[in-house]
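# Structural overview for review
As a plain string of letters, each chain reads:
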Amino acid sequence: MRSEVITVRTGSRATVRDITAEAQEFVSGQGDGLLHVFVPHATAGVAIIETGAGSDDDLLTALDDVLPTDDRWRHRHGAPGHGRDHVMPAFVAPYATLPVLDGRIALGTWQSICLVDPNGDNPTRHVRFSFLPAR
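Residues numbered from 1 in each chain as written. Predicted model: local features only at pLDDT ≥ 70, side-chain atom pairs only at ≥ 80, totals over all residues. Heavy atoms only, no water.

To continue, consider the environment of Arg104. As for its position among the elements, Arg104 is in strand β6 (residues 104-105). Given the relative accessible area of 53%, Arg104 is considered exposed. With 78 residues separating them in the primary sequence, Arg104 and Phe26 have C-alpha atoms 9.8 Å apart. If near-sequence neighbours (up to four positions away) are discounted, Arg104 is found in contact with Gln24 and Pro99. (Helix = DSSP H or I, 4+ residues; strand = E, 2+ residues; numbered from the N terminus. Buried < 20%, exposed > 50% of the residue type's maximum accessible area, 1.4 Å probe, protein only. Contact = heavy atoms within 4.5 Å.)

What follows deals with the packing of aromatic side chains. According to the stated counting rule, one finds 1 aromatic pair in the structure shown. Above the plane of the ring of Phe26 lies Arg2, whose end atom (NZ or CZ) is 4.1 Å from the centre. (Phe/Tyr/Trp six-rings, centres within 6.5 Å; stacked < 30°, edge-to-face > 60°. Lys NZ or Arg CZ within 6 Å of the ring centre and 35° of its normal.)

In this model, helix α2 (residues 55-66) (12 residues) spans 16 Å end to end at C-alpha, consistent with the 16 Å of a helix rising 1.5 Å per residue. Among the residues making up α2, those that are buried are Asp56, Leu59, Leu60 and Leu63. For α2, the arc enclosing every buried residue in end-on projection is 95°, short of the 170-degree limit, so these residues lie on one face. Facing away from the buried surface of α2 by more than 90 degrees, the exposed residues are Asp57, Asp58 and Asp65. (Expected span 1.5 Å × (residues − 1). Arc of directions from axis to C-beta.)

Take the pattern of salt bridges next. Scanning the model with the defined rule gives 5 salt bridges in all. The salt bridge partner of Asp70 is Arg72, with a shortest N-O separation of 2.6 Å. In this structure Asp70 comes out as partly exposed when scored by relative accessible area, which is 27%. Judged by relative accessible area, Arg72 falls into the exposed class, the value being 52%. Between Asp117 and Arg125 there is a salt bridge; the shortest N-O distance is 2.9 Å. (Salt bridge = Lys/Arg side-chain N within 4 Å of Asp/Glu carboxyl O.)

Shown next, in the form of structure tokens:
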């Protein structure tokens, strides 16, 4: 298995960051296999969604609707409402596994691999790409 960690700057507010190009660069020329994308953070996730047409902002709005940043959360360190950031990975998992065929990630036409980071208190994230070649 081949594995590599990249650093992604997400900034000081909730964001959905497309990391498809970085993932594709990692698997380019690798043949067939599986790409595993993992975010080793308690307050971030990985989503496979369309970007650029508003879906990324819609995802953040939906997360705000389902997990509001108010004082209901028992986990209270960090910015107000930060407890919801620790619950978010139960809704947007911190990993995804995708097929790779002939060195290309087999995504659908409008699909992108995105880092979802609602936590403005942590502006830098790490993403681990792992490639498991077919036998």
